[in-house]
Amino acid sequence: MATPYQGNVTNIGAADAAGGPVVRTIGITDLHRALQLGWEDFKAVPSHAIILCLIYPVIGLVLARLVHGYSVLPLLFPLAAGFALLGPFAALGLYELSRRREIGEPASAWDAFEVFRSPSFGAMLGLGALLLAMFVIWIMTAQAVYTAAFGYETAANIPDFANRVLTTSHGWWLIAVGCGVGFLFALAALCISVISFPLMLDRHAGAGEAIATSIRAVLRNPVPMAAWGLIVAVLLIAGSLPAFLGLAVVIPLLGHATWHLYREVIVPDPTARPVIPPARPRRPAADFPANLFPWKRG
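Residues numbered from 1 in each chain as written. Predicted model: local features only at pLDDT ≥ 70, side-chain atom pairs only at ≥ 80, totals over all residues. Heavy atoms only, no water.

So, on to the overall build of the chain. On a plain count of helices and strands, the chain comes out with 14 helices and zero strands. Burial statistics for the chain: of 298 residues in total, 43% are counted as buried. Summarising the internal contacts of the chain: among those between residues at least 6 apart in sequence, 74% fall at separations of at least 24. For the chain, the exposed surface amounts to about 15100 Å²; the carbon and sulfur share of it is 72%. (Helix = DSSP H or I, 4+ residues; strand = E, 2+ residues; numbered from the N terminus. Buried < 20%, exposed > 50% of the residue type's maximum accessible area, 1.4 Å probe, protein only. Contact = heavy atoms within 4.5 Å. Areas by Shrake-Rupley, 256 points an atom, 1.4 Å probe, with all protein chains shown as cover.)

A pair can form between side chains of opposite charge whenever their charged atoms are brought close. Evaluation of the coordinates by the stated rule reveals 11 salt bridges. For Lys43, the salt bridge goes to Glu40, with nearest N and O atoms at 3.4 Å. Here Glu40 and Lys43 lie together in helix 2 (residues 28–44), a separation of three residues that amounts to about one turn. A salt bridge links Asp160 to Arg164; the shortest N-O distance between them is 3.7 Å. Residue Asp160 and its partner Arg164 are located together in helix 9 (residues 158–167), separated by four residues, close to a single helical turn. Here Arg164 falls in the buried class, since its relative accessible area comes to 13%. Overlapping salt bridges, with partners in common, bring together Glu96, Arg99, Arg100, Glu105 and Asp111 in one network. (Salt bridge = Lys/Arg side-chain N within 4 Å of Asp/Glu carboxyl O.)

As a further point, take helix 2. Relative to the 24 Å expected for 17 residues at 1.5 Å per residue, helix 2 spans 25 Å between its end C-alpha atoms, a close match to the ideal helical length. Residues of helix 2 that are buried include every one of Asp30, Leu31, Ala34, Leu35, Leu37, Gly38, Asp41 and Phe42, and no others. Along the long axis of helix 2, the arc covered by the buried residues comes to 165°, so they all point the same way. Residues of helix 2 that are exposed and point over 90 degrees away from its buried face: Thr29 and His32. (Expected span 1.5 Å × (residues − 1). Arc of directions from axis to C-beta.)

What follows is about the packing of aromatic side chains. Applying the stated rule across the entire model yields eight aromatic pairs. Arranged with centres 5.9 Å apart and planes meeting at 55°, the rings of Phe89 and Phe197 form a pair that is tilted. Highlighted residues: Phe89 in helix 6 (residues 83–90) and Phe197 in helix 11 (residues 196–203), separated in sequence by 108 residues. Given the relative accessible area of 0%, Phe197 is considered buried. Taking the centre distance of 5.2 Å and the plane angle of 90° together, the rings of Phe116 and Phe121 count as edge-to-face. Phe116 gets classed as partly exposed once you look at its relative accessible area, which sits at 47%. Three or more aromatic residues link up through ring pairs in this structure, and these residues are Phe113, Phe116 and Phe121. (Phe/Tyr/Trp six-rings, centres within 6.5 Å; stacked < 30°, edge-to-face > 60°.)

Here the focus is the packing of helix 7 (residues 92–102) against helix 14 (residues 247–265). The relative placement of two packed helices is expressed as an angle between their axes plus a distance between the axes. Interaxial distance between helix 7 and helix 14 falls to 8 Å at its minimum, and their mutual angle equals 55°. One element, helix 7, and the other, helix 14, form an angle in the oblique class. Of the two elements, helix 7 crosses helix 14, and the hand of that crossing is right-handed. Counting all contacts with helix 7, which are made through Leu94, Tyr95, Leu97, Ser98, Arg99 and Glu102, the residues of helix 14 involved are Ile251, Pro252, Gly255, His256, Thr258, Trp259, His260 and Arg263. Class assignment of the residues belonging to the contact of helix 7 with helix 14 gives a composition of six nonpolar, five polar and three charged. (Axes fitted to C-alpha atoms, helices over the stretch in contact; angles between N-to-C directions. Parallel < 35°, antiparallel > 145°, perpendicular 65-115°, else oblique. Left-handed = near helix turned anticlockwise from the far one by under 90°. Nonpolar A, V, L, I, M, F, W, Y, C, P; charged D, E, K, R; others polar.)

Right, let's get into the environment of Pro222. Residue placement: Pro222 occurs in helix 13 (residues 222–239). For Pro222, a relative accessible area of 48% corresponds to the partly exposed category. Note: C-alpha distance between Pro222 and Thr25 (197 residues apart in sequence) is 9.8 Å.

On the surface, a nonpolar cluster with roughly 280 Å² of combined accessible area is contributed by Leu132, Val136 and Met140. With respect to the helices, strands and loops of the structure, Leu132 is situated in helix 8 (residues 121–150). Classification of Leu132 as partly exposed rests on a relative accessible area of 44%. (Patch = residues over 30% accessible without salt bridge, like charges linked within 9 Å, V, L, I, M, F, W, Y side chains within 5 Å.)

Moving on: the environment of Leu235. Structurally, Leu235 can be placed in helix 13. Among the residues examined, Leu235 registers a relative accessible area of 24% and is labelled partly exposed. Along the chain, Leu235 and Leu254 lie 19 residues apart, while their C-alpha atoms are 8.5 Å from each other. If we ignore the near neighbours within four places in the chain, the residues touching Leu235 are Val250, Leu253 and Leu254.

Shown next, in the form of structure tokens:
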């Protein structure tokens, strides 16, 4: 069902109206509303968590298994934190489900894949590649910080690793520098992607316009956006316990909530005309995976 968004439209600069989507000034209560609506979406279409978010628990279990060899132990926390960098792109299908529910269209797990048919999907891939590059650089930086603190010697076991990090001066230096650098990466990702993907999906904007609008949204609402970043971080940490399995709930919740945050922040364009892709015939589930290759049908 369509939901009206009536955020604060005061103090909207002329540059917004002339230079792109109009950005609202929002408050903390709008974040609560976005989360509440996101939870409603998740409850309405819970089955998609298995399809769209299975990769997160799988990666978590693989990482947990690798930790027994202790070769990736110093990178376990950076890898978990890296979900915040990749999450906006990974949640593309969730935005589509929220969009469809908003306008009263059917929303099922299969409908999430309609996002691949968006006219702006190429731009989404481009921004996703940028976030992936940031993720890789973050992991490399985290490894470099750990090496600077403790050298190339790995911890003997988990208690030994915890003892190094929590009870030594090198460990506290690692925590301070690592968290500081991680904050900068998270801030950069928040600025360029907090509403970029929903904007591209909704208005078929290019990556440049989406990034610029996202940055304007953060600059206009620094306190609410900082609070949103904190909410994302806390939920991701909670979802990482135990063994990252909670991410199967946290990622869908944040994905849906991000769509509603976008609706709170950006004033709807009354002149917009949706781009409707050509209808695609539905195939019965029994035809899977043959229905992924329709050109091979006789």
